[in-house]
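Observations on the model geometry
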Amino acid sequence: MRGADLADPVPVQLLAEDGTFTEHPTFSRYIEGLDDETLRELYRHMVLERRFDTEATSLQRQGMLALWVPALGQEAAQTGVIAALQPTDRVFPTYREHAMALYRGVKPEELMGMFRAATHTGWDPHKYNFNGYSVVLASQVMHAVGWAMGIKQDLATGALDEGRAEDELVVACLGDGATSQGDAHESMVFASSYELPVLYFIQNNQWAISVPQHTQSRVPLAHRAAGYGFEGLRVDGNDVLATYAVTQYMAEQIRAGAGPKLVEAVTYRIGAHTTADDPTKYRTQEELEAWKRRDPILRYRTWLEAQSILTAEATEQVDQEAAALAKDLRAAVHSLEPIPLERIFDTVYAEPHRQVEVEKAWLKDYEAGFAEEGQVSDK
Amino acid sequence: MSAEAAVDAQEKEAVSTPTTMPLAKAINRALADELAADPKTVLIGEDIGALGGVFRVTDKLQSQFGTDRVIDSPLAESGIIGSCIGLAMRGYRPVAEIQFDGFVFPAFNQITTQLAKVHNRTNGAVTVPVTIRMPYGGHIGSIEHHSESPEALFAHTAGLRIIAPSNPHDAYWMTRQAIKSTDPVIVLEPKRRYWLKGAVDLDTPAPDAFTAQVLRKGTDVTLATYGPLVPVALAAAEVAAGQGRSVEVIDVRSISPLDDETIARSAAKTQRLVVAHEAPTFGGFGAEIAARVSERAYHRLAAPVLRVGGFHMPYPPSGQEQRYLPDIDRMLEAVERSFVYAREGGH
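On a predicted model such as this, the values are computed, not experimentally measured, just so you know.

**Re the overall build of chain A**
Looking only at helices and strands, one finds 17 helices and seven strands in chain A. Here the C-alpha radius of gyration of chain A, 23 Å, is about what a compact globule of 379 residues would show, namely 21 Å. Taken along its principal axes, the extent of the C-alpha atoms in chain A is 85 × 50 × 45 Å. Burial analysis of chain A (379 residues in total) assigns 46% to the buried set. Sequence-distant contacts, at least 24 apart, represent 78% of the contacts inside chain A between residues at least 6 apart.

**Describing the overall build of chain B**
When its secondary structure is counted, chain B shows 13 helices and 14 strands. Taking 347 residues into account, the globule formula puts the C-alpha radius of gyration at 20 Å, and chain B, at 21 Å, falls close to it. A sequence separation of at least 24 residues applies to 80% of the contacts in chain B between residues at least 6 apart.

**Description of the interface of chain B and chain A**
Every contact between the two is made by 38 residues of chain B and, on the other side, 40 residues of chain A. Only helix H4 (77–89), helix H5 (108–115) and helix H6 (118–121) of chain B provide two or more residues apiece to the side of chain B that touches chain A. Looking at side-chain class alone, the side of chain B that touches chain A contains 14 nonpolar, 19 polar and five charged residues.

**Structural notes on the domain arrangement of chain A**
One frequently used descriptor of interface size is the decrease in accessible area upon assembly of the parts. Domain assignment breaks chain A into domain 1 (2–339) and domain 2 (342–378). Here the C-alpha centre of domain 2 of chain A lies 42 Å away from the C-alpha centre of domain 1 of chain A.

**Quick notes on the domain arrangement of chain B**
Residues and elements named next belong to chain B. Here chain B is described as being made up of domain 1 (18–200) and domain 2 (213–337). A separation of 26 Å is found between the C-alpha centroids of domain 1 and domain 2. Opposite the 23 residues of domain 1 that make contact, domain 2 presents 19 residues. Elements that contribute at least two residues to the side of domain 1 that touches domain 2 include exactly helix H7 (151–155), strand E6 (161–163) and strand E7 (185–190). Each residue belonging to the side of domain 1 that touches domain 2 can be placed in one class, and the counts come to nine nonpolar, eight polar and six charged.

**Observations concerning the confidence of the model for chain B**
Parts of the model with low pLDDT should not have their predicted coordinates read in detail. Chain-level pLDDT for chain B is 95 on average; 94% of the residues reach the 70-or-more range. Interface confidence for the predicted complex, expressed as ipTM, amounts to 0.95; the pTM equals 0.95.

**Side note on the sheet that holds E7(B)**
All names here are of chain B. Pairing in this open sheet of seven strands is mixed, and the strands run E3-E2-E4-E5-E7-E6-E12 from one edge to the other. Each end of this open sheet is capped by a strand with a single partner; those strands are strand E3 (70–72) and strand E12 (254–256). Each strand of the sheet is rotated relative to its neighbour by a mean of 20 degrees, with strand direction disregarded. One ladder, built from three bridges, connects E6 with E7; its direction is parallel. Counted as the bridge partner of arginine 161 is valine 185 from E7. The sheet strands contacting H4 are strand E2 (41–45), strand E4 (93–97) and strand E5 (131–136), and the helix crosses E4 at an angle near 170 degrees.

**Side note on the pairing of strand E7 (residues 261–266) of chain A**
All names here are of chain A. Of all six residues in E7, six are buried, a share of seventy percent or more. Residue alternation in E7 divides its side chains into two sets, Lys261, Val263 and Ala265 and Leu262, Glu264 and Val266, and both sets are buried. Judged from the six bridges that link them, strand E3 (residues 198–204) and E7 form a sheet pairing that is parallel. Looking at E7, one finds that isoleucine 202 is bridged to glutamate 264. Assessed by its sense of winding, the connection that carries the chain from strand E6 (residues 231–236) through helix H12 (residues 240–255) to E7 is right-handed.

**Digging into the packing of helix H9 (residues 230–242) of chain B against helix H13 (residues 328–337) of chain B**
Residue and element names in this part refer to chain B. Contact pair H9 / H13: the axes reach a minimum separation of 9 Å and the direction vectors enclose 60 degrees. If you check the angle between H9 and H13, you find them oblique. Judged by the twist between their axes, the crossing of H9 over H13 is right-handed. Between H9, through Val232, Ala233, Ala235, Ala236, Val239 and Ala240, and H13, the contact on the second element is made entirely by Ile328, Met331, Leu332 and Val335. Looking at the contact of H9 with H13 residue by residue, the class counts come to ten nonpolar, no polar and no charged.

**Overview of the environment of A:Ser335**
Locating A:Ser335 in the fold gives a position in the loop between helix H15 (312–334) and helix H16 (341–347). Between the alpha carbons of A:Ser335 and A:Glu109 there is a distance of 8.8 Å; along the sequence they are 226 residues apart.

**Re the nonpolar core**
Among the nonpolar cores identified, the biggest contains 195 residues, and A:Ala172, A:Val198, A:Val263, B:Leu223, B:Val274 and B:Met331 are the most heavily contacted of them. Sorting elements by how many residues they give to this core places H12(A) first, with ten residues. In this structure, B:Met331 is in contact with B:Leu223, B:Val232, B:Ala233, B:Ala236, B:Val274, B:Ala276, B:Val308 and B:Pro326, ignoring residues within four places of it in sequence.

**Details of the sheet that holds E3(A)**
All names here are of chain A. Taken in spatial order, the five strands of this open sheet run E1-E2-E3-E7-E6, and their pairing is parallel. The two strands at the open ends of the sheet, each matched to only one other strand, are strand E1 (90–92) and E6. Neighbour-to-neighbour, the strand axes of the sheet open up by a mean angle of 20 degrees, direction not taken into account. Pairing analysis gives three bridges linking E1 to strand E2 (residues 170–175), with the strands arranged parallel. Its bridge partner being in E2, arginine 90 is matched across the sheet by valine 170. Strand contacts of helix H8 (residues 139–157): E1, E2 and E3, with the helix running at about 170 degrees to E2, the strand carrying the most contacts.

**Notes on helix H11 (residues 285–297) of chain B**
All names here are of chain B. The terminal C-alpha atoms of H11, which comprises 13 residues, lie 18 Å apart, in line with the 18 Å expected from a rise of 1.5 Å per residue. Taken together, the buried positions of H11 are occupied by Phe285, Gly286, Ile289, Ala290, Val293 and Ala297. Buried residues of H11, seen end-on, are gathered within an arc of 140 degrees and therefore sit on one face of the element. The outward face of H11, more than 90 degrees from its buried face, is lined by the exposed residues Ala291 and Glu295. The inward-facing, buried residues of H11 abut H7, strand E10 (221–225), E12, helix H10 (260–270), strand E13 (273–280) and strand E14 (306–310).

**A look at H4(B)**
Residues and elements named next belong to chain B. Taking 1.5 Å of rise per residue, the 13 residues of H4 would be expected to cover 18 Å, and the 19 Å separating its terminal C-alpha atoms lies within 8% of that figure. In terms of residue burial, H4 counts as a mostly covered element, since 13 of its 13 residues are buried. At the C-terminal side of H4, glycine 91 shows a positive phi close to 110 degrees.

**Description of unusual backbone geometry**
Note that the residue after B:Ser256, namely B:Pro257, is joined by a cis bond; omega there is 0 degrees. In this model, A:Ile209 sits at a positive phi of 50 degrees, which is unusual for a non-glycine residue. Mapping A:Ile209 onto the fold places it in the loop between strand E4 (207–208) and strand E5 (211–212). The class for A:Ile209 is partly exposed, based on 13 C-beta atoms found within 10 Å.

Conventions and cut-offs
Residues numbered from 1 in each chain as written. Chains lettered and ligands numbered in written order. Predicted model: local features only at pLDDT ≥ 70, side-chain atom pairs only at ≥ 80, totals over all residues. Helix = DSSP H or I, 4+ residues; strand = E, 2+ residues; numbered from the N terminus. Rg over C-alpha atoms; globule rule 2.2 N^0.38 Å. Buried ≥ 20, exposed ≤ 12 C-beta atoms within 10 Å, placed from the backbone. Contact = placed C-beta atoms within 7 Å. Nonpolar A, V, L, I, M, F, W, Y, C, P; charged D, E, K, R; others polar. Domains from an automatic or database assignment. pLDDT = per-residue confidence, 0-100. Pairing = 2+ DSSP bridges. Axes fitted to C-alpha atoms, helices over the stretch in contact; angles between N-to-C directions. Right-handed = clockwise from strand over helix to strand, strands pointing away. Parallel < 35°, antiparallel > 145°, perpendicular 65-115°, else oblique. Left-handed = near helix turned anticlockwise from the far one by under 90°. Core = buried A, V, L, I, M, F, W, Y, C linked by C-beta atoms within 7 Å. Expected span 1.5 Å × (residues − 1). Arc of directions from axis to C-beta.

This is the structure in structure tokens:
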């Protein structure tokens, strides 16, 4: 029966749900070289993101954010991938890659700009080599491909700019829902045809708002890669070590010129799609509880403690740092002001545009008129 | 003068003499010159390589500049524009070819939600100097989706620049200016005029691409149009002159930004304005021109601004396009109609 070929493959896993480690013939070696400090960093990073994320939801509930998009439950998938990259690797995120953004150094107030509706993108994408969040699903994976075409072109012409590496790759992030978009398809066609250094990172968190994964695809998303002629792998996205290892494995080949690869991280969106969503309308409590038992942080912590890599003191230190981050976030959001409309006029175009200039001047005069009226009535 | 100096002088003379070439060749030359001038300029589109494009606008460019600089894309318009955005983010100046106006819509999302907004969205941190070349307009006797005029759909999107050259000299210089612009620019190429020959002076730049130009002076009525209808308007003005009407013809050239000052100044002088385009008049770009001129020149106008354009229907089968497209007679009818209105109100 043909369907048997398409049965869900078991995702690559190194850490079981109970925190026990199992050797893997291909992937263990990518973990073996990691020192304790690096391993603790992965833990620290996941804890920080979760605290940040929880605080953001509270801030939204208190009316300080227009919207929040929780990444709860996806900390390991995101951290495992971003930690395996080089700083020269460009990331094209969706709008949920908070762990990746923070890892790259995006500041809390920069990340929150869009969620406080103060700006559309709060950070300079070039500064962190981390693109702005993309709200139109899958549009960014086409941009990732263009960026990769640029990498190839740089190498072909020997015109590598300052700060660029010869073995750069691009990470094209998308969720299970976005894989249904036409741009996801076109992106993979381009990446494959031009043999581009693109790593597709699909976080399959099971739900596209209220629509389950099987409505997007009747085959594991990793299998789609084969249709385009490149390798796709499923990894347990709640296992930070497996995600890290699989990413290293993929990146190694991409850097060697193997063309695009795809990682499907199987994970779960513990929170709502956004703070405007009500997941109780479409998914069961049993399902949620089952996934909570596969918690990525608890699993990793259990293993770290069993290995004596993480002491009680270190855990306490991370918790304190997380509490401080939450406090910083609250203060930062509180002081975030929307960028002035004048600045928005000024960035519609890079070069002067008659209609924009006229309208900007008109608004200034119009509002100055109110100021004058105010002065008159004061007298 | 030495023999060498004489040869130099002759060559200089030869270079500064305008060369007559078809409009498509002028664009080809502009692309070649930009590819040669800037290693960051790349072309991407369907069939633009070995074939040289379905209209041969990119003829021989791939053999001259290589497959890395003149790139045949998969058959995917959204992919073409999306990849151009990524290339531009990395510092390239991609020039995309959309094969026909009617095929731009798969890329409409990338153009309007991404390309137009990236600079603004990032508060100016990221520029996307992408040029989109698009043959547009009808009168080529083709099948559905090959004759459309979608300029109003793009004009309504802030962040895009849109220009429409009407002659070979403008086509050469406006294409070069579009590629050099830091903003995204859509160049609407008047496909029925690809074979129109004209003088191209490769040493003397055309006026700024984002301005309108008065092509023919007149005193009685202003006729403003752009792209493929400019030669029609000039011919209509000639006929009108024979009938005693002095028509001022304006080539609008730039749709966004719109040089409304030039058009309003002319309309204030002649007191009458007719705007023509191939696109349907309903919700069309002519309405924008009419509104702006009405605001600026209301007291000087002797008649409402009149529009000549396509009808509120999908572009018809080209067997009927002669009746659909504005021609000399339709323009003259509007010109005459603008004289029906009484000068001193009350009509």
